Amino acid sequence: MGQETKPKSSGGSTLGFSTVAIHAGQDPLGPVRSVMTPIFQTSTYAQTSPGEYFSGYDYSRSKNPTRTALEENLAALEKGKHALCFSSGCAAADAVMHSLKSGDHVICGDDVYGGTFRIFDKIFKPLGIEFSFIDISEPRQLAHAVRAETKMVWLESPTNPLLKVTDLVELSRLAKERGLTVVVDNTFSSPYLQNPLELGADVVVHSSTKYIGGHSDVVGGAIITNDDALAERLRFIQNAVGAVPAPLDCFLLLRSTKTLALRMERHCDNAEAVAAFLNERSDVERVVYPGLSSHPQHEIAKRQMRRFGGMISVYLEGGLSRARKFLESVRLFTLAESLGGVESLIEHPAIMTHASIPAEIRASLGISDSLVRLSVGIEDIDDLIADLRQALDVSQGA
Ligand SMILES: *Cc1c(COP(=O)(O)O)cnc(C)c1O
């Protein structure tokens, strides 16, 4: 595709999501005009004269062409000007936190990813950054938590694992009135279902390990923003701290974003069908899915998301023993942490992903022993439902 039609990452593009996903950042490069961006497996670059190097590439911690292509691609997909890629979602979160200083205060959603809570609580709190955890799906709660030192609001929507949805337009408006930076971890939606920057957020964070990667074969993270000064600061942190992704991982993620729209459509189709099936079962206490009209923020989800995603949480009848038997009985769903891959996964948040959250906080949030989280993959829907049906049947009375 010619230079003049290359989708630009700086917004204003009228091209559709998949066109951008397949082309942004990916001009055929190099002497052989390879259609796919090569894996530039190099740590360093030849200089023509001391301090003079080609296209700004001097050392791969600072910059690598495969990573540059991925960063331009993700910026375009999130409709942002700048993207920075990291070796994991946690490394991306760490970089955002490093933009703050001791004494600063952060208001954070109260059911964020367990690893995010752990970085905040165990790494940055001891370094002097203060945190308040609130139910941010009620944006008005912000007013009660805000202090003179508050600099940032950090949230997920939908959240993990309770899939609470926050009105991002309303929250961003309230935060902006107070001069706060709004960071949205958009991992559960992927850029295909929701673009927080367009809804008023300042920063988007992703664990690209999940839907962006989509094949459960890469760990990665990204930050996207339109804020030039913040991007420059984050670029400095990215290089200084060095939690950068390897060229092969960047290549794999570029491969993945090309099919993101197709995968997300199928994840959503399958999750809607699974949610409807579970909702009909009398041995299921409650199904939590933003696409169900029973979901408390269903109307907000409809407004700000293209569809409702592939994640479902479900409270089973019976306690821990039922949940355990159910999780041991599934055959197609794999009992594993993580989410967003083509294969269906299932897990027990209280024992697995959210074990690092203290038990009393888990209880107050509703992360109980009967809660099971499903990452619905893109297999054939009849097979997924048959698997859940047999596991529910087998585990009854356990
Ligand atoms: C997995 C995850 C993270 C952390 O990402 P890693 O790539 O595992 O470091 C952050 N936020 C959410 C919502 C996640 O699901």
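Note that the structure is predicted; figures quoted are calculated from it, not measured.

The rules behind these values
- Residues numbered from 1 in each chain as written.
- Predicted model: local features only at pLDDT ≥ 70, side-chain atom pairs only at ≥ 80, totals over all residues.
- Heavy atoms only, no water.
- Buried < 20%, exposed > 50% of the residue type's maximum accessible area, 1.4 Å probe, protein only.
- Helix = DSSP H or I, 4+ residues; strand = E, 2+ residues; numbered from the N terminus.
- Arc of directions from axis to C-beta.
- Contact = heavy atoms within 4.5 Å.
- Polar contact = N/O pair within 3.5 Å; in protein donor to acceptor, adjacent residues only side chain to side chain.
- Near = heavy atom within 4 Å.
- Areas by Shrake-Rupley, 256 points an atom, 1.4 Å probe, with all protein chains shown as cover.
- Domains from an automatic or database assignment.
- Buried area = accessible area lost by both parts, 1.4 Å probe.
- Salt bridge = Lys/Arg side-chain N within 4 Å of Asp/Glu carboxyl O.
- Pairing = 2+ DSSP bridges.
- Axes fitted to C-alpha atoms, helices over the stretch in contact; angles between N-to-C directions.
- Parallel < 35°, antiparallel > 145°, perpendicular 65-115°, else oblique.
- Left-handed = near helix turned anticlockwise from the far one by under 90°.
- Nonpolar A, V, L, I, M, F, W, Y, C, P; charged D, E, K, R; others polar.

**Considering helix 12 (residues 320-329)**
Every buried residue of helix 12 is accounted for by Arg322, Ala323, Phe326, Leu327 and Ser329. The buried side chains of helix 12 occupy one side of the element, clustering within an arc of 165° when seen end-on. On the buried face of helix 12, the contacting elements are strand 11 (311-316), strand 12 (334-335), strand 13 (345-347), strand 14 (371-375) and helix 14 (381-395).

**Side note on helix 6 (residues 168-177)**
Within the sequence span of helix 6, burial applies to Leu168, Leu171, Ser172, Leu174 and Ala175. End-on view of helix 6: buried residues confined to an arc of 165°, all on one side of the axis. Packing partners of the buried residues in helix 6 comprise helix 5 (142-145), strand 6 (150-156), strand 7 (181-185) and helix 11 (298-304). The opening residue of helix 6 is aspartate 167, an N-cap whose side-chain oxygen sits 3.2 Å from the backbone nitrogen of valine 169. Of the residues one or two after helix 6, glycine 179 is the one with positive phi, at around 70°.

**What about the site of the ligand?**
Around the ligand, the surrounding shell holds 13 residues, and the nearest of these are Cys90, Asp185, Ser207, Thr209 and Lys210. Note that a nitrogen atom of the ligand is positioned 2.6 Å from one of the side-chain N or O atoms of aspartate 185. One nitrogen or oxygen atom from the side chain of serine 207 is found 2.8 Å from an oxygen atom belonging to the ligand. The protein chains hide 92% of the 380 Å² of surface that the ligand would expose on its own.

**Points about the domain arrangement of the chain**
According to the domain assignment, the chain consists of domain 1 (9-257) and domain 2 (260-395). For domain 1 and domain 2, the distance between their C-alpha centroids amounts to 26 Å. Listed by partner, the interface residues are 40 residues for domain 1 and 45 residues for domain 2. The junction of domain 1 with domain 2 conceals about 3,300 Å² of combined surface from both sides, 62% of it contributed by carbon and sulfur atoms. Interface area lost by domain 1 to domain 2 is led by Tyr192, Leu193 and Tyr211, which between them contribute 24%. Inspection of the region where domain 1 meets domain 2 yields one salt bridge. A salt bridge links arginine 303 to aspartate 167; the shortest N-O distance between them is 3.1 Å.

**Description of the pairing of strand 11**
For strand 11, a buried count of six out of six residues is recorded, marking the element as mostly surrounded by other parts of the structure. Where burial is concerned, the two faces of strand 11 agree: the one with Met311, Ser313 and Tyr315 and the one with Ile312, Val314 and Leu316 are both buried. Bridging between strand 10 (residues 284-288) and strand 11 involves four bridges; their strand directions are antiparallel. From the neighbouring strand, valine 287 faces strand 11, where its bridge partner is valine 314. As paired elements, strand 11 and strand 14 share five bridges and run antiparallel to each other. Directly across from serine 313, in strand 14, lies its bridge partner arginine 373.

**Notes on the side chain of asparagine 186**
Relative to the assigned elements, asparagine 186 resides in the loop between strand 7 and helix 7 (190-193). For asparagine 186, a relative accessible area of 0% translates into the label buried. A distance of 2.8 Å separates a polar side-chain atom of asparagine 186 from the backbone oxygen of glutamine 194. Sequence-distant contacts of asparagine 186, defined by excluding residues within four places in its chain, comprise Glu78, Ser157, Pro191, Gln194, Pro196, Val204, Val205 and His206.

**Concerning the packing of helix 3 (residues 89-98) against helix 4 (residues 114-124)**
Relative orientation of the contacting elements helix 3 and helix 4 amounts to 50°, with a least axis distance of 10 Å. If you check the angle between helix 3 and helix 4, you find them oblique. Pair helix 3 / helix 4 crosses with right-handed handedness. Contact residues: helix 3 offers Cys90, Ala93, Asp94, Met97 and His98, while helix 4 offers Ile119, Phe120 and Phe124. Its residues assigned to classes, the contact of helix 3 with helix 4 comprises six nonpolar, one polar and one charged.

**Details of the pattern of salt bridges**
Evaluated as defined, the whole model comprises 26 salt bridges. One salt bridge in this structure joins lysine 81 and aspartate 228, with 2.8 Å as the shortest N-O distance. Here lysine 81, found in the loop between helix 2 (65-77) and strand 3 (82-86), pairs with aspartate 228, found in helix 8 (residues 228-241); they are 147 residues apart in sequence, far enough to count as distant. Here lysine 81 falls in the partly exposed class, since its relative accessible area comes to 39%. The salt bridge involving lysine 101 is made with aspartate 104; its shortest N-O contact spans 3.4 Å. Judged by its relative accessible area of 52%, lysine 101 is exposed. Taken together, the shared-partner salt bridges connect Glu170, Arg173, Glu177 and Arg178 into one network.

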